[in-house]
Structures are given as structure tokens and as C-alpha cells.
Amino acid sequence: MSALVEVRDLVKHFPLTRGIVLQRRFGEVKAVDGVSFDIERGETLGIVGETGCGKSTTARLIMRLLESTSGSIKYEGRDITRVKGAELKAIRRDMQMIFQDPYSSLNPRKTVGSIISEPFIIHRVESDKAARKLAVQELMETVGLNPEHYNRFPHEFSGGQRQRIGVARALALKPKLLIADEPVSALDVSIQAQVLNLLRDLQRRFGLTVVFIAHDLSVVRHMCDRVAVMYLGKVVELGGGDALYGAPQHPYTGALLAAVPVPDPARHHTERRLLTGDVPSPANPPKACRFHTRCPKAQERCSVEEPLLRVPEGGRTEVACHFPLTEGELAQMGVRSAG
Ligand code: SF4
């Protein structure tokens, strides 16, 4: 059976224009620049990277909330890159999104009941009012909300509860693919674990396929079967969670992992230094390997020849790097083996 979603050479360039009337084009932001990966049925795939790496744009392209510049997206073996109208509506029903900010993604003037009912109404499912109310209350229960709070407004809920409302709305139409775009980054640390646990439980319970977007590798560690690390519009490393966390091969992944705070002050200091400098502008990304301006291992070849995503000899992940990290370097960085 084919993967649920197959993304091939996906590109999204946003034009940069000058002038209000003529809108002269003077460049483009290469938000996503040749990304390929599969999303397997029933898996949780993490897409991780710093702000501006293209992870959210990739998600929006898959959802068809944005039109790609080039490349293709297949859903259940069917090319959906340019589908429109009823076909697109049907696909949208199968793919739902949970947004980063539960505060702004819920209409403050609507009750929770009507917010969660929206997908039923838009897609003309459950037209009987009483049955719809029952279905909504069931969803509220599923995500850990009190169904008696059906008539309350979003401001009457805490941040974590509001994200649960977003999750209930996303689940209403029994989607096959759930894309969670940094679903916990706007929440208090104490609440984050609760929402992560809820998502993991729901994924297992309903056999959902989930794409989990985060800027921090530690957030997705216990959530994801596989992880794709993105940097400046490219996937630089892709692999199973154990392999990627235990023995990352790309210097960027290594630096991200090493920068994860651990209860060891000595280790924490050494590693923070590994990722220095700002992310270059995606309007003018470095040539060849885009990470070469920040990479501690960069050599001349890195600025002239683009590294392609592949599994190097003895490697356990696909990596786009001419000089993948060695065991010794990993030990030096304090990135321990998976265990
Ligand atoms: Fe660093 Fe070179 Fe690998 Fe790029 S290709 S990540 S610059 S070692």
C-alpha cells in the first residue's frame, strides 16, 4: 500500500514585490525549496526546525491552503497538487489542522458548541440539530472537556482547554491526517505535557496519521515515529526517532539536540555554542549547503556542491551532508546514544 501522502520536490517561492500599482518583482523568498518525503499511514511524523525553515509552509502546501510553485503532492496515490472545487473540499475533510495559537484560532463570539459544530455544517454532515449536539458533546468528552460546558465561550476556558477545543474541532469529521502546527508552543510548560499526551492518546486510539510541527526537537521526541529536520526550506535529515535522536548525522540536527537543556550545567554550556549566528534570509540563502555559514564542520566543498539527502554508508538516517557527524563528534557534543 502506498504512503498516505507522498511529497516530491515541493517548492514554494513567495515573490517579493515593490510598488503598489506595478508590483515589480525584485526577488523571492524560497520558503520551501525542493522537499521530498512520505507520510506513512498511522505514523506520527515530526517536522522540526527554527522559525523560517519552511515547516509550516510545507504543512499548508500539503493541506492545499497554499498553492505550490512546483513539485507534487499525492494523497492516497492520487495527485492532489492542483485539484480544485468539490475534489479539494473532499480532501480538506480528510485533512485537519490544529493551530499554534488557541487564543486566536477560536472565534470569541461563538460558543464552544458552535465552534466544534462548524465542520459538520460546512461539510453538511449530521444535519439533525439534536444529533449534532450529541456528536459535539461526545467530542468534548473525548478531548477531556466537560460536555456540560457546551454553551460556554472560549474566554471561559484556560489555554490548555482552548487547545482541546481546537483538537475536538479538528477531529469532528474523523480525518485521516491531522496536522498539528506547533500546538503547544503558546501554552504554559505545565500544560504542554497534558496536550501532548492527549494528542498521543488520540493518535493511538483512532489510528490517526499525524504531522507534528515543532521548533524544538525535545517537544516531538516522545510523539514521533520519524522526524524530518528542516533548514532554510530544505529537509536536511530524515529518519526514525531512535536513530535521529541517538545518532544524528547532520551537524544542524546535532547542534539542535545538543542545545536541548539538560540537568547538567557543564554540558549545557558547551553545546549552546554549537549553533551560533542567525538563520540567513530565505530570500538570499547561502549557495550549495545552506548550513555552511553556521556549520562548525564546513569545508570548501560545502559552499560549492549541494549535498543531497541520502543514507550514507553505515548511517541510519537520510542526511544531506558531505561530512556527516562521526561517533567521536557526537560524544564530544554530548549527544548520547539512544537508550
Ligand atoms: Fe556542514 Fe558541509 Fe555538512 Fe553542510 S555539507 S552540514 S556545511 S559539513
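Definitions and cut-offs
- For every chain, the first residue of its written sequence is number 1, and the numbers climb from 1 along that sequence.
- This being a predicted model, a pLDDT of at least 70 is required before a residue's local features are given, and a value of 80 or more before pairs of side-chain atoms are given or counted; all residues contribute to the totals for chains, interfaces and linings.
- Think of the side-chain values as coming from all heavy atoms in the structure, minus any hydrogens and water.
- Numbering of helices and strands runs from the N terminus; a helix is a DSSP stretch of H or I covering at least four residues, while a strand is a stretch of E covering at least two.
- In this description the radius of gyration comes from C-alpha coordinates, and the expected globular size is given by 2.2 Å times residues to the power 0.38.
- Working definition: with a 1.4 Å probe on protein chains only, accessible area under 20% of the residue-type maximum means buried, over 50% means exposed, and in between means partly exposed.
- Nonpolar side chains (Val, Leu, Ile, Met, Phe, Trp, Tyr) are joined into patches within 5 Å and like charges within 9 Å, using only residues with over 30% relative accessible area and no salt bridge.
- The Shrake-Rupley method, run with a 1.4 Å probe, gives the accessible areas here. Residue values count only the displayed protein chains as cover.
- The salt bridge definition used is simple: a Lys or Arg side-chain nitrogen within 4 Å of an Asp or Glu carboxyl oxygen.
- Working rule for contacts: check all heavy atoms of both residues, and any pair within 4.5 Å makes them a contact.
- The near set for a molecule or strand comprises every residue that places at least one heavy atom within 4 Å of it.
- Here the nonpolar group is Ala, Val, Leu, Ile, Met, Phe, Trp, Tyr, Cys and Pro; Asp, Glu, Lys and Arg are the charged ones; every other residue, Gly included, is treated as polar.

The next point concerns the overall build of the protein. Along the protein, the regular secondary structure elements total eleven helices and eleven strands. In terms of overall dimensions, the protein is globule-like: its C-alpha atoms have a radius of gyration of 21 Å, near the 20 Å expected for 339 residues. Dimensions of the protein along its principal axes, counting C-alpha atoms only, are 65 × 55 × 45 Å. Taking all 339 residues of the protein together, the buried fraction comes to 50%.

Glancing now at a nonpolar patch on the surface. There is a patch of nonpolar side chains on the surface, built from Ile20, Val21 and Leu22 and spanning about 410 Å² of accessible area. With respect to the helices, strands and loops of the structure, Ile20 is situated in the loop between strand 1 (5-18) and strand 2 (24-39). Given the relative accessible area of 78%, Ile20 is considered exposed.

Bringing helix 1 (residues 55-62) into the picture now. In terms of burial, helix 1 is largely enclosed, as six of its eight residues are buried. Taken residue by residue, helix 1 has Lys55, Thr57, Thr58, Ala59, Leu61 and Ile62 as its buried positions. One or two residues past the end of helix 1 sits Arg64, with phi positive at roughly 65 degrees.

Mapping Arg64 onto the fold places it in the loop between helix 1 and strand 4 (70-75). Beyond its immediate stretch of four places on either side in the chain, Arg64 contacts Ile80, Thr81, Arg82, Val83, Leu88 and Arg92.

Next up on the list: the site of the ligand. Cys289, Cys295, Cys302, Cys321 and His322 are the nearest of the 13 residues found near the ligand. Residue composition of the shell around the ligand, grouped by class: nine nonpolar, three polar and one charged.

Attention now moves to helix 9 (residues 251-258). Summarising burial for helix 9: eight of the eight residues are buried, a large majority. Looking at helix 9, one finds that the buried residues are Pro251, Tyr252, Thr253, Gly254, Ala255, Leu256, Leu257 and Ala258.

Here the focus is the environment of Gly85. Mapping Gly85 onto the fold places it in helix 2 (residues 85-94). Along the backbone, Gly85 and Ile115 are 30 residues apart, and their C-alpha atoms lie at a distance of 24 Å.

This brings us to the pattern of salt bridges. One pass over the structure, following the stated rule, counts 18 salt bridges. Asp38 serves as the salt-bridge partner of Arg8, at 2.7 Å between the closest nitrogen and oxygen. Taken as a pair, Arg8 in strand 1 and Asp38 in strand 2 lie far apart in primary sequence, 30 residues in all. Across the salt bridge formed by Arg25 and Glu28, the nearest N and O atoms sit 2.7 Å from each other. By relative accessible area, which is 54% here, Arg25 ends up exposed.

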